[in-house]
Number of protein chains: 2
Amino acid sequence: MQQIFWPDSLRGQTHLTLAGNEFQHLIKVLRLKINDRFWIVDHEKQTYQAQIQSVGRQDFTVQLVPQLRIHSELPNSVKIACALSKKDKVEWITQKATELGVTEIIFFKSHYAVKKWDSAQVSKKVTRLQQIALHAAQQSWRLQVPQVRYAASLAQVLATAAADYRLVAYEEAAKNNEQAQLAQICQQMQPQQSLLAFFGPEGGFTVEEINQMRQNGCIVCGLGPRILRAETAPLYFLSAVSYQTELSKDF
Amino acid sequence: MQQIFWPDSLRGQTHLTLAGNEFQHLIKVLRLKINDRFWIVDHEKQTYQAQIQSVGRQDFTVQLVPQLRIHSELPNSVKIACALSKKDKVEWITQKATELGVTEIIFFKSHYAVKKWDSAQVSKKVTRLQQIALHAAQQSWRLQVPQVRYAASLAQVLATAAADYRLVAYEEAAKNNEQAQLAQICQQMQPQQSLLAFFGPEGGFTVEEINQMRQNGCIVCGLGPRILRAETAPLYFLSAVSYQTELSKDF
């Protein structure tokens, strides 16, 4: 069943008229009809069943019924900071990380990142990625849309991305069989605490960058004994956090 | 550092001459030179440092030194059976699942799978996917290359893919907040035991298919509260198994 986000609270409302993008998407593209239903998640993360009552030329009305649905957000705010990688990996990462529950995605220029976005490009690229995050959040039945942004340097990410725990996934740590940090942090993390993890580009992080992150409170961790590609590592991380905090919680 | 697989045992050998594909890849394409090193993993999963001694017109010789490296295979044999999905998702799944440690990948035709491979296509497609698995295994520094194969039906997979534990990732279970089975199985699984998980296509599995799998000993499980795409679900599963069996083992 389709889902859309609504930018306001729908508390107490029994009907809603939708136009613009929602009309275009649900009526014109998906061809939903009278009596068809879809989910609306409002700005308070409340879920409503919307049933189409009437369809006009440019808008349509729905009846709204608040309806509980399983809570589809991670217990913690989990953010990823990914150095820019090749080709369209940023789109893949944005889509998949959104499915996996990420709260915020920050793409940034690191030493070995082959790409950087000049200021003319940033706005257009971030807008496109934010759209990808929106669609993925709708399809995954999330209760919020992750924020996507760009930072011109590692230092800028360190200065602006706050979190209770900060990790850096470092290939050298994996080669040295570092296997405990991620699990320790995931297990000690309390609900409402936040976690930020840094991921390098195809060429990895420099030793200087690792030191810079360490000096800013980042803990170096491995993600298992196999070398993971730049776009796979964040997905492993998010899956592991979900497994620990959502599936293993009673053990 | 590059890695290649060698199809025989190299036990006791101090030198090796390589030609054919290895010469083409390492000397012609990657332009490795005298004194450059790379890893060789032999058929017994032993790791050797190979250092180039001389380069001829069609072959080259290396000195071999056995060298320990962290064990990069999952403690269990973990297989995934994925219903055929759209476009080039099968290539993406093959590559990423290999990075994440999978032992065997079986693509099969399910009810809602939009594609099937006719017998003329199967051989060519499987060969291509096996190559993708080989390259991903080399890049991830795995000790073995996953097997990739095709089955014409769910029944065929059930009849031919043996495992100590068999799971099916079912969206309906997730919507009903099934959150315990995957963790329970991952925690009770002993080393050397095997695990097989089924993943549906974009349209999901039919109720009949789920029943068929249940009757064949498959346990239905959720993969967290968010809906995952057909190509994301197997990666979540493999990451979760790695996290449980490789990173959480001391807790």
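Keep in mind that this is a model prediction, so the values were computed, not measured.

Locating Lys-96 of chain B in the fold gives a position in helix 2 (residues 89–99). Setting aside anything within four residues of it in sequence, one finds Lys-96 of chain B in contact with Arg-229, Glu-231 and Thr-232 of chain A together with Leu-235 of chain B.

Turning our eyes to something else, we now look at the interface of chain B and chain A. Taken together, the contact pairs 47 residues of chain B with 47 residues of chain A. Buried area between chain B and chain A, summed over both chains or domains, comes out near 4,200 Å², and the portion from carbon and sulfur atoms is 58%. Interface area lost by chain B to chain A is led by Arg-226, Tyr-243 and Leu-247 of chain B, which between them contribute 19%. At the boundary of chain B and chain A, one finds six salt bridges. For the salt bridge of Glu-99 of chain B with Arg-229 of chain A, the shortest nitrogen-to-oxygen distance reads 3.7 Å. Taken together, the links from chain B to chain A amount to 24 residue pairs in polar contact (both at pLDDT 80 or more). Of all elements in the fold, only helix 2, helix 5 (171–175), helix 6 (181–188) and helix 8 (233–247) of chain B reach the threshold of two or more residues within the side of chain B that touches chain A. Here the side of chain B that touches chain A takes nine residues from helix 8 of chain B, the largest share from any one element. Considered class by class, the residues forming the side of chain B that touches chain A number 20 nonpolar, 17 polar and 10 charged.

All names here are of chain A. By domain assignment, chain A separates into domain 1 (3–66) and domain 2 (77–247). Every contact between the two is made by seven residues of domain 1 and, on the other side, eight residues of domain 2. Here domain 1 packs against domain 2, burying approximately 720 Å² in sum over the two surfaces, 61% of which is carbon and sulfur. Three residues stand out in domain 1 for area buried against domain 2, namely Gln-3, Phe-5 and Lys-45, and they jointly supply 74% of the buried area on that side. Where domain 1 touches domain 2, the interface holds zero salt bridges. Viewed at the interface, domain 2 and domain 1 are joined by two residue pairs in polar contact (both at pLDDT 80 or more). Of all the secondary structure elements, the ones that give two or more residues to the side of domain 1 that touches domain 2 are strand 1 (3–5) and strand 3 (37–41). Element by element, the count of residues in the side of domain 1 that touches domain 2 is highest for strand 1, at three residues. Considering only residue class, the side of domain 1 that touches domain 2 consists of four nonpolar, two polar and one charged.

Turning our eyes to something else, we now look at the packing of helix 6 (residues 181–188) of chain A against helix 8 (residues 233–247) of chain A. All names here are of chain A. Viewed as axis vectors pointing N to C, helix 6 and helix 8 meet at an angle of 45°, and their least axial separation amounts to 10 Å. Judged by the inter-axis angle, helix 6 sits oblique to helix 8. Handedness of the crossing formed by helix 6 with helix 8: right-handed. Here helix 6 contributes Leu-182, Cys-186 and Gln-187 to the contact with helix 8, which in turn contributes Tyr-236, Phe-237, Ala-240, Val-241, Gln-244 and Thr-245. Among the residues making up the contact of helix 6 with helix 8, the classes are represented as six nonpolar, three polar and no charged.

Calculation criteria
Residues numbered from 1 in each chain as written. Chains lettered and ligands numbered in written order. Predicted model: local features only at pLDDT ≥ 70, side-chain atom pairs only at ≥ 80, totals over all residues. Heavy atoms only, no water. Helix = DSSP H or I, 4+ residues; strand = E, 2+ residues; numbered from the N terminus. Contact = heavy atoms within 4.5 Å. Buried area = accessible area lost by both parts, 1.4 Å probe. Salt bridge = Lys/Arg side-chain N within 4 Å of Asp/Glu carboxyl O. Polar contact = N/O pair within 3.5 Å; in protein donor to acceptor, adjacent residues only side chain to side chain. Nonpolar A, V, L, I, M, F, W, Y, C, P; charged D, E, K, R; others polar. Domains from an automatic or database assignment. Axes fitted to C-alpha atoms, helices over the stretch in contact; angles between N-to-C directions. Parallel < 35°, antiparallel > 145°, perpendicular 65-115°, else oblique. Left-handed = near helix turned anticlockwise from the far one by under 90°.

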